Amino acid sequence: MYRLIALDLDGTVLTSSIDILPSTVEAVAYARSKGVKVIVCTGRIVGEAAVFSKEIGASSLLISAGGAAISDVRNARNVKEWAMPWDIGAKVVEAVQNRPVTVMIYVGDRLYLNPYSDEILCNTKRTEGFWASKVVLPDVAATIREHKFPVSKVFARGDVQVLAEALAEINQLPGIHITRSAENNFEIMPEGINKGLALQELTQVMGITMDEVMAIGDSDNDSDMLRIAGMPVVMGNGDEAVKKLAKYVTDTNDNDGVAKAIYKFI
């Protein structure tokens, strides 16, 4: 019997139009009625993640920032964080903030943006959690240096060639880990930090073994949690390489994939 379900958001719980299917909400309620805990495990900042977690009726804790934080849904605040040193974080930000790519810099429960990124994201973000979390500055790297802010994650999305130029600079830095959910983006995390590590930390506190965990995801940044879960499930729309980690491949995020997996195993 599985006692915990870890759900990725983008490409998994969220449809291609960034909606939540009623079937997903119903399936989460069904699992919780059986005594199963359901947690969101996402790359999004806690403010956004908490909104989606409440919408699907998940449990009171979640994993945010790609595994760099364990967060409380009720007050949208982190209860535990991992971060790269401020000087390394500033160098990562310097490599992306002046290029024509969308950049999100995670500092605790705050999301730092440059004006270019803010203009783009304001047309795509729908949750009040995003608006409450964001801080817009012309030079984020300078602010990180001035205040010695530890950086949990840097996300960049844009032209593949421009991203490659930024990565050529970032790859030289120590103490970082690079993942991506598509060719047109990448995530820079503290070395050794990922969704799998955060999930292990959380399950230990809950007294749940990894054999009792079902994890559902779709992309490379879900790989670490899929590798350690007792039941790794990958979405039908997931990356082909990630599907190789699955014990079960469910339907797509637009066709009740999460709900079908929950009803099959719970």
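The residue numbers shown here count from 1 along each chain, following its written sequence. Reporting in this predicted model follows two pLDDT cut-offs: at least 70 for local features of residues, and 80 or more for side-chain atom pairs to be given and counted; totals over whole chains, interfaces and linings ignore these cut-offs and use all residues. As a convention, hydrogens and water are excluded, and side-chain values are obtained from all of the structure's heavy atoms.

Chemist: Honestly, helix α2 (residues 46-56) in this entry has me stumped. Any pointers?
Modeler: Think of an α-helix as 3.6 residues a turn; residues three or four steps apart then line up on the same face. Exposure categories follow from relative accessible area, calculated using a 1.4 Å probe and restricted to protein chains: below 20% of the type maximum is buried, above 50% is exposed, and the middle band is partly exposed. The numbering of helices and of strands both runs from the N terminus, where a helix is a DSSP run of H or I of at least 4 residues and a strand a run of E of at least 2. Burial runs high along α2: nine of the eleven residues are buried. The set of residues buried in α2 consists of V46, G47, E48, A49, A50, V51, F52, S53 and I56. Downstream of α2 by a residue or two, G57 has a phi angle that is positive, lying close to 80°.

Chemist: Mind showing me how you'd approach the side chain of T24 here?
Modeler: The topology assignment puts T24 in helix α1 (residues 22-33). Any pair of residues with heavy atoms lying within 4.5 Å of one another is described as a contacting pair. Look past the residues within four positions of T24 in its chain and what remains in contact with it is V13, I56, V258 and A259.

Chemist: Would you mind showing me how to read the packing of helix α3 (residues 86-96) against helix α7 (residues 160-170) here?
Modeler: Packed helices, taken two at a time, are described by their axes: the angle between them and the distance between them. At their nearest, the axes of α3 and α7 sit 9 Å apart, and the two run at 155° to each other. Here α3 is positioned roughly antiparallel relative to α7, judged by the angle of their axes. Crossing of α3 against α7: the hand is right-handed. Seen from α3, the contacting residues are V92, A95 and V96; seen from α7, they are A166, E169 and I170. Geometry is summarised by axes, namely lines fitted to C-alpha atoms with helices restricted to the contacting stretch, and by angles between N-to-C directions that run from 0 to 180 degrees. Should an angle fall under 35 degrees it is called roughly parallel, over 145 degrees roughly antiparallel, and 65 to 115 degrees roughly perpendicular, with every other angle called oblique. With the far helix as reference, a near helix turned anticlockwise by less than a right angle produces a left-handed crossing, and one turned clockwise produces a right-handed crossing.

Chemist: Explain the sheet that holds strand β8 (residues 134-136) to me, please; I cannot follow it from the model alone.
Modeler: Backbone hydrogen bonds are what pair the strands of a sheet, in a parallel or an antiparallel way. Pairing is mixed across the open sheet formed by six strands, whose spatial order is β8-β7-β6-β9-β11-β10. Lying at the two open borders of the sheet, with one neighbouring strand each, are β8 and β10 (176-179). Across this sheet, the average inter-strand angle for adjacent strands is 20°, counted without regard to direction. Judged from the three bridges that link them, strand β6 (residues 102-107) and strand β7 (residues 110-113) form a sheet pairing that is antiparallel. Bridge pairing in β7 places I105 opposite Y112. Its contacts with the sheet put α3 on β6, β9 (153-157), β10 and β11 (185-190), and the angle it makes with β9 is roughly 10°. Note on pairing: two strands pair once DSSP finds at least 2 bridges between them.

Chemist: Which parts of the structure should I look at to understand the nonpolar core?
Modeler: Soluble globular proteins: nonpolar side chains tend toward being buried together. Here, the term nonpolar core denotes a set of buried Ala, Val, Leu, Ile, Met, Phe, Trp, Tyr and Cys residues that are joined through side-chain atoms within 4.5 Å. In terms of nonpolar packing, the biggest core is built from 32 residues, with A6, I63 and L199 touching the most fellow members. Counting only elements with at least two residues in this core, the list comes to β1 (4-7), β6, β7, α8 (195-206), β12 (213-217) and α9 (223-228). Top contributing element to this core by residue count: α8, with three residues. In contact with A6, not counting residues within four places along its chain, are I39, C41, L199, M214, A215, I216 and M225. Of all hydrophobic cores here, the second largest spans 31 residues; its members include V38, I216, A259 and A261.

In short, shape yes, function no, at least from these values alone.
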